[in-house]
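Residues per chain are reported as follows:
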Amino acid sequence: MCGIFAYTGESRESGRLIVNGLRSLEYRGYDSWGVALKKNNGQIYLKKAVGKIGQAILPDTNSSIGFGHTRWATHGGVTEKNSHPHHDCQKKIFVVHNGIVENFAHIKNVLSKSGHHFISDTDTEIIAHLIEQKLKKQKSRSQAVLKTFNQITGMNALIVFFPDYEEFYAIKNGSPIVFGKNKKEKIIASDASAIIPYTKKVYFLEDNELLIVTGKEEKLIDKQNKNGTIRYLNLSYDKQDVEVGSYPNFMFKEISEQPKVLRDIINTQRGNLGKTSQIIRKARGSYLIGCGTAYYAAISGSYLFAKIAKRHIDATIGSEFGYLTDFLTEKSLVIALSQSGETIDTISGIKKAREKKAKIMAITNVLGSTLYRISDYRILLQAGPEKCVLATKSFTAKIAVLYLLSHCLNGSYDQGVNQIKKAIGETERLIKSTQIKELANRLKNSQHIYVLGRGVSYPTALESALKIKEVSYIHAEGFASGELKHGVIALIKKGTPVIVYNPTDETYKDTLSSAYEMKARGAYIIGIAEKNSPVFDEFIQVNDCQEAVIIPNVVVAQLLGYYLAVSKGYDPDKPRNLAKSVTVK
Ligand code: F6R
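Residues numbered from 1 in each chain as written. Predicted model: local features only at pLDDT ≥ 70, side-chain atom pairs only at ≥ 80, totals over all residues. Heavy atoms only, no water.

Time to look at the overall build of the chain. Within the chain, the regular secondary structure consists of 17 helices and 25 strands. In terms of overall size, the chain behaves like a compact globule, its C-alpha atoms giving a radius of gyration of 25 Å where 585 residues would be expected to give roughly 25 Å. Its C-alpha atoms put the chain at 80 × 50 × 45 Å along the principal axes. For the chain, the proportion of its 585 residues judged to be buried stands at 61%. Long-range contacts, defined as pairs at least 24 residues apart, comprise 70% of the intrachain contacts of the chain with a sequence gap of at least 6. (Helix = DSSP H or I, 4+ residues; strand = E, 2+ residues; numbered from the N terminus. Rg over C-alpha atoms; globule rule 2.2 N^0.38 Å. Buried < 20%, exposed > 50% of the residue type's maximum accessible area, 1.4 Å probe, protein only. Contact = heavy atoms within 4.5 Å.)

Moving on: the side chain of Q558. Here Q558 is to be found in helix 17 (residues 550-567). Take Q558: its relative accessible area is 0%, and that puts it in the buried class. A polar contact of 3.4 Å, which involves the side chain of Q558, links it to the backbone oxygen of T392. With residues up to four places along the chain from it excluded, the contact list for Q558 reads M251, I255, Q258, T392, T396 and K467. (Polar contact = N/O pair within 3.5 Å; in protein donor to acceptor, adjacent residues only side chain to side chain.)

This next bit is on the pattern of salt bridges. Per the stated rule, a full pass over the model turns up 27 salt bridges. The closest approach of N and O atoms between R141 and E167, which form a salt bridge, is 2.7 Å. Within this pair, whereas R141 is found in helix 4 (residues 141-151), its partner E167 is found in strand 8 (residues 167-172), the two being separated by 26 residues in sequence. Exposure class is identical for R141 and E167. Each is buried. Here K519 ties to D537 by a salt bridge, and the two come within 2.7 Å at their closest N and O atoms. Placement of K519 in helix 16 (residues 508-520) and of D537 in the loop between strand 24 (524-529) and strand 25 (538-541) is noted, with a sequence separation of 18 residues between them. Under the relative-accessibility criterion, K519 is labelled partly exposed at 30%. Residues joined by salt bridges that share partners form a network here, namely K181, K186 and E218. (Salt bridge = Lys/Arg side-chain N within 4 Å of Asp/Glu carboxyl O.)

Turning to helix 16, a few remarks are in order. In this model, helix 16 (13 residues) spans 19 Å end to end at C-alpha, consistent with the 18 Å of a helix rising 1.5 Å per residue. Residues Y508, T511, L512, S514, A515 and M518 constitute the buried set of helix 16. Across the axial projection of helix 16, the buried residues extend over an arc of 155°, all falling on one side. For helix 16, exposure combined with an orientation more than 90 degrees from the buried face picks out K509 and A520. The inward-facing, buried residues of helix 16 abut strand 21 (448-453), strand 23 (497-502) and strand 24. (Expected span 1.5 Å × (residues − 1). Arc of directions from axis to C-beta.)

Lining the immediate surroundings of the ligand are 15 residues, of which S338, Q339, S340, T343 and E470 lie closest. Measuring from an oxygen atom of the ligand, one finds a side-chain N or O atom of S340 at 2.6 Å. The side chain of T343 places a nitrogen or oxygen atom 2.4 Å from an oxygen atom of the ligand. Across the complex, the protein chains shield 90% of the 410 Å² of accessible surface that the ligand would expose by itself. Contributing elements (two or more residues each) for the shell around the ligand: helix 8 (293-309) and helix 15 (457-472). Looking at which element gives the most residues to the shell around the ligand, the answer is helix 15, with 3 residues. For the shell around the ligand, the class distribution of residues is 6 nonpolar, 6 polar and 3 charged. (Near = heavy atom within 4 Å. Areas by Shrake-Rupley, 256 points an atom, 1.4 Å probe, with all protein chains shown as cover. Nonpolar A, V, L, I, M, F, W, Y, C, P; charged D, E, K, R; others polar.)

Turning our attention to the sheet that holds strand 16 (residues 286-290). Strand order in the open sheet formed by 5 strands is 17-16-18-19-20, with parallel pairing between adjacent strands. Edge positions in the sheet fall to strand 17 (313-317) and strand 20 (377-380), since each has one partner strand and no second. Between one strand and the next, the sheet's axes are offset by a mean angle of 20°, whatever the strand orientation. The pairing of strand 19 (residues 359-364) with strand 20 spans 4 bridges and is classified as parallel. Within strand 20, the position partnered with I363 by the bridge is I379. (Pairing = 2+ DSSP bridges. Axes fitted to C-alpha atoms, helices over the stretch in contact; angles between N-to-C directions.)

Below, the discussion takes up the domain arrangement of the chain. Structurally, the chain comprises domain 1 (3-241), domain 2 (245-432) and domain 3 (435-570). Distance between the C-alpha centres of domain 2 and domain 3: 24 Å. Between domain 2 and domain 3, the contact holds 34 residues from the first and 31 residues from the second. For the pairing of domain 2 and domain 3, the buried interface totals around 2900 Å² over both sides, and the portion due to carbon and sulfur atoms is 70%. Three residues, Y296, K307 and L430, lead the burial of domain 2 against domain 3; their summed loss comes to 20% of the area buried on that side. For the pair domain 2 and domain 3, the interface holds 2 salt bridges. The salt bridge involving E506 is made with K307; its shortest N-O contact spans 3.2 Å. (Domains from an automatic or database assignment. Buried area = accessible area lost by both parts, 1.4 Å probe.)

Next up, the structure:
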């Protein structure tokens, strides 16, 4: 949440480059934005604005150093004065920040008594003033930043800019900060995807390290306050992977990329999945955790491991897992699912599990992310950057990985691969078809959409409802079809759209009965199945691919959500109030 981008280099257009960088980070938050530059004539240029960056262009500032921030508000409303960068009394110290300073009220109170004047309602502003206060007593800027960072509580990532010295100080203990450089320029950003236009060689800051960057050099002070080494990693994707290209938006691009992502998984992951499945085999008690879409992938995993590998693996919401860790032992295995690898609720759960000495396995899309670094075992989805706020390709990639892991445990890997190949074929056909677009046009004025499934299709129903509601703002609810008679049927009236997942598996007959029960109450039934049925008012065919059917079935809902949003004139990439990477509690 919140995007940070800092630039120093040969260009005299740092303002334009920073705005471009922030635009590419807007998926992290887009309530408001701001930029602080040092112009080449020595003056400071500060710009703040409410809303998305859109096509904003800064005036010709002739500047080679500066930074900016795109905000997802936590403390203080969405106003110009609350947008970052914030500065001290003298306008000598500028700060951009991602996180929450939990003890800001107390520090602000003390600083106010010492004569500091605050402009905004944010927690961030106190950081600039606290550094200013510390510099009154000691001259070292790095020590002032470090002491300030140690004094604030909470999970924070920040960059401090001293324009007079043309220096950046970056430090974090939660959200990511990534550094990259080429021969002409240096970038510090919240996400490597903003750095890829400049270089593929990046360094992911560790918690509590201080990175000092100037035009001439960069220096790392490690957690022990000693000089550290910057160890670069090579990113596995390219510049075009973070651009929308010829697609209308990132959501459609990422939905369309799924066949390639799934092919890459079956072509490259065999060895790693084989080894990793042995870790699961040896564990005594395994738990899948994740948030939102990643949680629905976790529940799907629970069904897949039970059905295919005959293993009991519980699935828990990341934010709840911390309350369930009392029973963990050093033999337990926690499998954390997270596209970003930065979701605070998942990471906090993992940290609690660590205290119990449980082993951690990460299934993530982001190399170098916090989850990636703190885990004992890793599976990289390699789905390429997911820029749309909604998770699409990362979900189906997780399903493919969990499905293949279950088959590895069952000794039937090739059978799993064959079913994923069929799922890829179904996915390609659905993406090309116009049927879902036409259905969306008919459903766009609905107030509610219900989604129903049993067995592996139950988490599919949950994920489908999430996809529909978060992008189209139509209330959608997924439920296990067996639960229908236990309450939900009260909501069905004439014309209520109900999506029914009815694959040809052991759930087929029971789900069909549920469809009839709803039809009898006037529901408009949209059947997603291999076989048509008289109970369906609309039939979307998805051919059999055993449990891998989760993949094309969810693609139907991704497309439906997408077309609903587009038909209602909404931006599918940036649904209101949502940010991609939830790094604050
Ligand atoms: C929904 C969505 C969210 C994320 C959730 C976890 O479309 O994107 O529900 O799935 O915030 O994010 P990660 O996977 O990055 O941990």
